[in-house]
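Chain by chain, the residues:
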Amino acid sequence: MSNNKTSHNNIDPVTASSTQAVNRHPATEQRIEFRELPISPAHQSAKLSKKTPLALGQIHIREQKGRFQRIRTATNSLLVILFFLLPFISYQGNQAILFNLSEQQFIFFGTTLWPQDFTVLAWVFIAAAFLLFFTTVFWGRVWCGYLCPQTAWTFMYVWIETRLEGNQNKRIALDKAPWTRQKIVKRVAKHIAWGLTALLTGCAFIAYFVPARELYSDIFSLEASFWVTTWVWFFAICTYLNAGWMREQMCLHCCPYSRFQSVMFDANTKTVTYDANRGESRGARKRKQETELGDCVDCHLCVDVCPTGIDIRNGLQYECINCGACVDACNQTMEKFGYQKNLISYVSENSLKGKSQPIFTSLKFIGYGLSALIMLVVIGVDMANKSDIQLNVLRDRQNLYRETAQSQIENSYTLKIRNKTQQTRQYRLSIDKPQLMLVGNAELVIKPGEQLDYPVTLKTDIDQLMSTRTAIIFSVTDINQTDSRVSQQSNFFGPL
Ligand code: SF4
Ligand code: SF4
């Protein structure tokens, strides 16, 4: 028996076709083209495992340990911890991250973005999209497997389920068991735990929109407003249904990313792939038993651990979120049987062909990388040019100018000045034309986030005027931070 058939030089993964492709979503598969698994003659004659996840009804994921599961647990845990903790971080006396919808502000570590600054957020979303594409070209759907909240919460709910109902086999048995007292207790405990997790998730999400400290105490003391309570419960119910019941159905039917992922893939993209040339013909055997079969011992572990319930041995499928659970499961089996690891692995089409083409030569990799870099530069420039003061100068619409008894000409304006910071600030008002005098106080104090409508009058002696219209520039400077300054042009009118 040869259990180490690793040569792939004669295989063309693109042109080879699999006779075992799963066809659960024919309408979608017509629209999306996926690379198919390289097939050896042995593979073509191999039989599909009869024990498919669909036969089990609801998918019960088997817990798996291993290198990729440790990485996934670490990234998912970090994501969940950050999600819950970030609203509690304070910066300069305020919640560090807060979308204050009632005040129409987005506060991010001392920087306040107003609706007119939301171009920055648009750049951030575009940059995030390009970064995602950039990562996908190299590592496939690594976002789905390791960082997507849907995956993180699903695995969290499965973890709770496993602690309360037992391992995969016990959960399947419990599903089929009659409604005894023990089953009711286990199910009630699970749904209470899921419900509490969902409620905390709802609170954590709304804490990005409502100050976190008050929110939690108001929700649990039933003193929150109607709308806050409604939104918390709305997101709690969504979480409960999503992570508890829908799980992989979200990835399969609702997430648009799974549908256009193949557009981003190229021959260098690493995806979770079953090495059919080495694994087929699959078949059960005893350890150390001599056999002509391939390395796949048909233990079904790769299917049992799959959160989307697919059999990766059927080739690349859009349901695969690249979580690596099947890689760990198969490596565990390979180790037990003394076979070489990585019958299932993260591997690219070029690697399977035995070609080593550096990823840096991929046009998609370069294109998405450059786009992401440009977007990051745009965000940096946009943020650097963002002023903490907003100024709008409105001329008096009633009178173009007024002539006083002392032969002076007056023009009136209303300055709308907004303090866009989260601290009270002191400002100085100035005009660029020395012949124009400002009537009234030139120093102003404005509270955080407030807009001051400040009436201003400018006057000058009539003989100082050179024309009927003089272009002027109003400036507002932060007295304590003179580099924080904003200006706007207007006109001063006089008689002919
Ligand atoms: S096939 Fe493997 S990598 Fe893909 S979703 Fe299933 S377990 Fe995860
Ligand atoms: S885990 Fe590996 S050996 Fe077991 S069925 Fe899957 S591919 Fe075959």
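Residues numbered from 1 in each chain as written. Chains lettered and ligands numbered in written order. Predicted model: local features only at pLDDT ≥ 70, side-chain atom pairs only at ≥ 80, totals over all residues.

Per an unreviewed UniProt entry, the protein goes by Cytochrome c oxidase accessory protein CcoG and derives from Shewanella nanhaiensis.

### Description of the overall build of the protein
Looking only at helices and strands, the protein features 17 helices and 16 strands. Residues counted as buried form 30% of the 496 residues belonging to the protein. Sequence-distant contacts in the protein: of pairs separated by 6 or more residues, those separated by 24 or more amount to 70%. (Helix = DSSP H or I, 4+ residues; strand = E, 2+ residues; numbered from the N terminus. Buried ≥ 20, exposed ≤ 12 C-beta atoms within 10 Å, placed from the backbone. Contact = placed C-beta atoms within 7 Å.)

### Examining the nonpolar core
Counting 49 residues, the largest nonpolar core has Cys203, Leu215, Cys302, Ile312, Cys326 and Ile344 as its most contacted members. The set of elements that each furnish at least two residues to this core consists of helix H6 (149-165), helix H8 (181-206), helix H9 (212-220), helix H10 (226-246), helix H11 (248-254), strand S6 (271-274), helix H14 (301-304) and helix H15 (325-337). Ile312 has contacts with Val272, Tyr274, Cys302, Cys320, Cys326 and Ile344, leaving out every residue within four places of it along the chain. Ranked by size, the runner-up nonpolar core spans 11 residues in total, among them Trp123, Met264, Phe365 and Ala372. (Core = buried A, V, L, I, M, F, W, Y, C linked by C-beta atoms within 7 Å.)

### Observations regarding the site of ligand 2
Surveying the vicinity of ligand 2 reveals 16 residues, the closest of which are Cys296, Cys299, Leu301, Cys302 and Cys330. Elements that contribute at least two residues to the shell around ligand 2 include exactly H14 and H15. With three residues, the top contributor of residues to the shell around ligand 2 is H15. For the shell around ligand 2, a count of residues per class yields 10 nonpolar, three polar and three charged. (Near = placed C-beta within 6 Å. Nonpolar A, V, L, I, M, F, W, Y, C, P; charged D, E, K, R; others polar.)

### Here we look at the UniProt feature "transmembrane region" (unreviewed entry) in the protein
The UniProt record marks residues 71-91, 120-140, 191-212, 224-243 and 365-384 with the feature "transmembrane region" (unreviewed entry), using the residue numbering of this structure. The span residues 191-212 is 77% helical and 0% strand by assignment, and the distance between its end C-alpha atoms comes to 26 Å. The span residues 224-243 is 90% helix and 0% strand, and its two end C-alpha atoms sit 26 Å from each other. (UniProt positions renumbered as here; feature names shortened; annotations may be inferred.)

### Topic: the confidence of the model for the protein
Of all residues in the protein, 88% attain a pLDDT of 70 or more, and the chain-wide mean is 83. Contacts for the low-pLDDT stretch residues 1-57, under 50 throughout, to residues beyond four places or in other chains number 91 contacts. (pLDDT = per-residue confidence, 0-100.)

### Let's talk about the packing of helix H4 (residues 119-139) against helix H17 (residues 363-384)
It is at 8 Å that the axes of H4 and H17 come closest, and there the two elements cross at 155 degrees. Judged by the inter-axis angle, H4 sits roughly antiparallel to H17. Crossing geometry of H4 relative to H17 is assigned as left-handed. For the pair H4 and H17, contact is made by Thr119, Val120, Trp123, Val124, Ile126, Ala127, Phe130, Leu131, Phe133, Phe134, Val137 and Phe138 and by Lys364, Phe365, Tyr368, Gly369, Ser371, Ala372, Met375, Leu376, Val378, Ile379, Asp382 and Met383, respectively. Looking at the contact of H4 with H17, its residues break down into 19 nonpolar, three polar and two charged. (Axes fitted to C-alpha atoms, helices over the stretch in contact; angles between N-to-C directions. Parallel < 35°, antiparallel > 145°, perpendicular 65-115°, else oblique. Left-handed = near helix turned anticlockwise from the far one by under 90°.)

### Quick look at unusual backbone geometry
Looking along the chain, the bond that leaves Glu280 and enters Ser281 is cis, with omega of -5 degrees. Tracing the sequence through the fold places Ser281 in the loop between helix H13 (276-279) and H14. Positive phi values are uncommon outside glycine, yet Phe109 reaches one of about 45 degrees. Of note in the backbone geometry, Ser407 takes a positive phi value of approximately 60 degrees without being a glycine.

### Here's the deal with the sheet that holds strand S3 (residues 97-100)
In spatial order, the strands read S3-S4-S5; together these three strands make up an open sheet with antiparallel pairing. The sheet terminates laterally at S3 and strand S5 (111-113), the two strands that pair on one side only. Averaged over all neighbouring strand pairs, the angle between strand axes comes to 15 degrees, with direction disregarded. In the sheet, strand S4 (residues 105-108) pairs with S5 via three bridges, with the strands oriented antiparallel. Within S5, the position partnered with Phe108 by the bridge is Thr111. (Pairing = 2+ DSSP bridges.)

### Quick look at the site of ligand 1
Within the structure, ligand 1 sits among 14 residues, and Cys306, Ile312, Cys320, Cys323 and Cys326 are positioned closest to it. Of the residues that constitute the shell around ligand 1, the class distribution is 11 nonpolar, three polar and no charged.

### Let's talk about the packing of helix H3 (residues 67-85) against H15
Put simply, H3 and H15 touch, their axes get as near as 7 Å, and they point 150 degrees apart. By the angle class used here, H3 and H15 are roughly antiparallel. Contact residues: H3 offers Arg67, Phe68 and Gln69, while H15 offers Ala325, Val327 and Asp328. A class-by-class count of the residues in the contact of H3 with H15 yields three nonpolar, one polar and two charged.

### Structural notes on the environment of Leu241
Along the polypeptide, Leu241 turns up in helix H10. In the structure, Leu241 is positioned 43 residues away from Ala198 in sequence and 9.0 Å away in space, judged by C-alpha atoms.

### So, the sheet that holds strand S13 (residues 443-446)
With respect to topology, four strands assemble into an open sheet ordered S13-S11-S15-S16, the strand pairing being antiparallel. Looking at which strands have only one partner, the edges of the open sheet turn out to be S13 and strand S16 (481-493). Mean inter-strand twist for the sheet, computed between neighbouring axes without regard to direction, equals 25 degrees. As paired elements, strand S11 (residues 425-431) and S13 share four bridges and run antiparallel to each other. Across the sheet, Tyr427 pairs through a bridge with Leu444, a residue of S13.

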